[in-house]
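Overview (structure and organization)
Each chain is listed here by its residues.
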Amino acid sequence: MRSRLDRKFFQAQTSLPFLVLSLIIFLAAFNSTQAADWVGTWGCSPQLTEQKNMPPPPGLESNTLRQVVQVSIGGSKLRVQFSNAYGAAPLTMLSTHIALSGGGGAIAANSDKALMFQGNPSVTIPAGGTVWSDPFDFNLAPMADVAVTIHFAGVPGALTGHPGSRTTSYIQTGDVVSAAALPGTVTTAHWYVLNNIDVQADNPGGAIVTLGDSITDGRGSDTDKNDRWPDNLTHRLQAGSSTANIAVLNEGIGGNCVLHGGLGPTAISRFDRDVLGQSDARWLIVFEGVNDIGGSRDASVATNLIAAFQQFITQAHAHHMRVYGATITPFGGSFYDSPSHETARDTINNWIRTGGDYDGVVDFDAMVRDPKNPTHLLPADDNGDHLHPNENGYQIMANAIDLKLFKN
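Bear in mind that the values here come from a model prediction, so they are computed numbers and not experimental data.

Quick word on the sheet that holds strand β12 (residues 160-162)
Read from one edge of the open sheet, three strands run β2-β12-β15, paired in antiparallel fashion. The open sheet is flanked by β2 (47-48) and β15 (191-192), the only strands paired with a single partner.

Comments concerning the pattern of salt bridges
Using the criterion set out here, one finds 13 salt bridges in the structure. Of the charged contacts, one joins glutamate 342 and arginine 345 as a salt bridge, the two residues approaching to 3.0 Å between their closest N and O atoms. With glutamate 342 and arginine 345 both in helix α7 (residues 339-354) and three residues apart, this pair spans about one turn of that helix. The two residues glutamate 342 and arginine 345 agree in class, both being buried. Taken together, the salt bridges that share partners define one network made up of Glu342, Arg345, Arg353, Asp363, Asp365 and Arg369.

Topic: the packing of helix α6 (residues 301-318) against α7
The interhelical angle for the contact between α6 and α7, taken along N-to-C directions, is 30°, at an axis separation of 9 Å. Viewed along their axes, α6 and α7 adopt a mutual orientation that is roughly parallel. Like other packed secondary-structure pairs, α6 and α7 cross with a definite hand, here right-handed. In this structure, α6 contributes Val301, Ala302, Leu305, Ile306, Phe309, Gln310 and Ile313 to the contact, and α7 contributes Ala344, Thr347, Ile348 and Trp351. A per-class count over the contact of α6 with α7 returns nine nonpolar, two polar and no charged.

Observations regarding the sheet that holds strand β19 (residues 281-287)
Here five strands make up an open sheet; going across it, the order is β18-β17-β19-β20-β21 and the pairing parallel. Each of the sheet's edge strands pairs with one partner strand only, and the pair in question is β18 (247-252) and β21 (360-362). The average undirected angle you get between the axes of adjacent strands in this sheet is 25°. In this sheet, β19 lies alongside strand β17 (residues 207-212) in parallel orientation, the contact comprising six bridges. Pairing of leucine 211 across the sheet is with valine 286, part of β19.

Some points on the nonpolar core
Residues Phe82, Met93, Ile98, Phe152, Leu284, Phe309 and Ile348 are the most contacted members of the largest nonpolar core, which totals 73 residues. When residues in this core are grouped by element, the largest group, nine residues, is from α6. Every residue in contact with phenylalanine 152, bar those within four places of it in the chain, is listed here: Leu60, Glu61, Ser62, Asn63, Leu65, Leu91, Thr92, Met93, Leu94 and Val193. Leu237, Ile246, Phe364 and Leu405 belong to the second-largest nonpolar core, a separate cluster that totals 22 residues.

About the cut-offs
- Residue numbering note: each chain is counted from 1, following its sequence as written.
- Local features in this predicted model are restricted to residues whose pLDDT is 70 or higher, and side-chain atom pairs enter the listing and the counts only when it is 80 or higher, whereas totals over whole chains, interfaces and linings include all residues.
- For side-chain calculations, the full set of non-hydrogen atoms in the structure is used, while hydrogens and water are omitted.
- Only strands that DSSP links by at least two bridges are regarded as paired with each other.
- Comment: elements are numbered from the N terminus, with helices defined as DSSP H or I runs of at least four residues and strands as E runs of at least two.
- Salt bridge, as used here, is a side-chain nitrogen of Lys or Arg placed within 4 Å of a carboxyl oxygen of Asp or Glu.
- Three labels apply to residues, based on accessible area from a 1.4 Å probe with only protein chains included: buried if under 20% of the type maximum, exposed if over 50%, partly exposed otherwise in between.
- For helices, the axis comes from a line fit to the C-alpha atoms of the stretch in contact; other axes are also lines fit to C-alpha atoms, and the angle between any two N-to-C directions lies between 0 and 180 degrees.
- Each angle receives one of four descriptions, namely roughly parallel if under 35 degrees, roughly antiparallel if over 145, roughly perpendicular if within 65 to 115, and oblique otherwise.
- Here a crossing is taken to be left-handed if its near helix is turned anticlockwise relative to the far helix by less than a right angle, and right-handed if that turn runs clockwise.
- Should any heavy atoms of two residues lie within 4.5 Å, those residues are considered in contact.
- For this scheme, ten residues count as nonpolar: Ala, Val, Leu, Ile, Met, Phe, Trp, Tyr, Cys and Pro. Four count as charged, namely Asp, Glu, Lys and Arg, and the remainder, Gly too, count as polar.
- Among the buried residues, those of types Ala, Val, Leu, Ile, Met, Phe, Trp, Tyr and Cys that are joined through side-chain atoms within 4.5 Å form a nonpolar core.

Laid out in structure tokens, this is it:
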């Protein structure tokens, strides 16, 4: 018989391989879980579509809509989110496909893939709801243009969309979701229903969320050229080996306000959805407030905006995000121009630069203002309305961002 000491030694020897094996299994499971993390590669902020921005005839009901978006980072597995957040009735998509864009309304037919929703090709999104597709394999390269094509059944009268797409969408009668080309389509420069695209990347670095108004949404940029400042930031990130795995999500809404009024849900009301709700969001750039200032006669607008920004910082920090404040760019000579509005802008910019609340500062104002007339945009960067930069201004803004801010 073995002595008690022998038995303990035997048990220790035989349990060692078991412990090693358990550790290997645990690490494999951990790594698998880590690899399965989703990160947003494209997104837009949904809003109630104004009547003037509704789909032109023949409309969406019983017809096909093809929308093109440019992602930021690539991956091998995707999922796509659709929104009926502002619909007063259910919205039904009979079939939905995704493919690499072939330019214009065409697709690369060999990349076409049907989306499923809990194993079904059709899905009905309830009023006020959103839905994710089932995950699917897809070879997505960084900064690829992808086309999402939907054949609709019933569509509510109140439609969820994003009017400021700066991108052409294509509508054709009937069911042509898999058509390689869409001749004779009706076009519109708006997105509808499409909300987010997430990827599983080999080495995801997280996502930057840009929260803003029309200057972030790209007013003054070129249609179908993806040259908004967040797009240009993506180009810069992709050019560096240490930042190429970082995504950019544009959550700008034209005419948006932080506090109240404006177009779309206010930044305060959409913060949870558009910032905290994004997959693997690690950084936030807050660049908003000009519409609050320009539309206000309240002398306390600067104080109220600063309080809102402090709230954003607290909320984002609670979700382990770093938050960067972007200074409000000049609007001298625009319809917002007034001494009181300029005082409010200067007060907020001074707080952003010196207050110490933000984790860092992106000084857009310093980069695009006219040195000879600092309350105005530099003429070479002005799109003509003295409020929105042109494509050159958007490139300068992107160039002003220190990429070291996005170190993990």
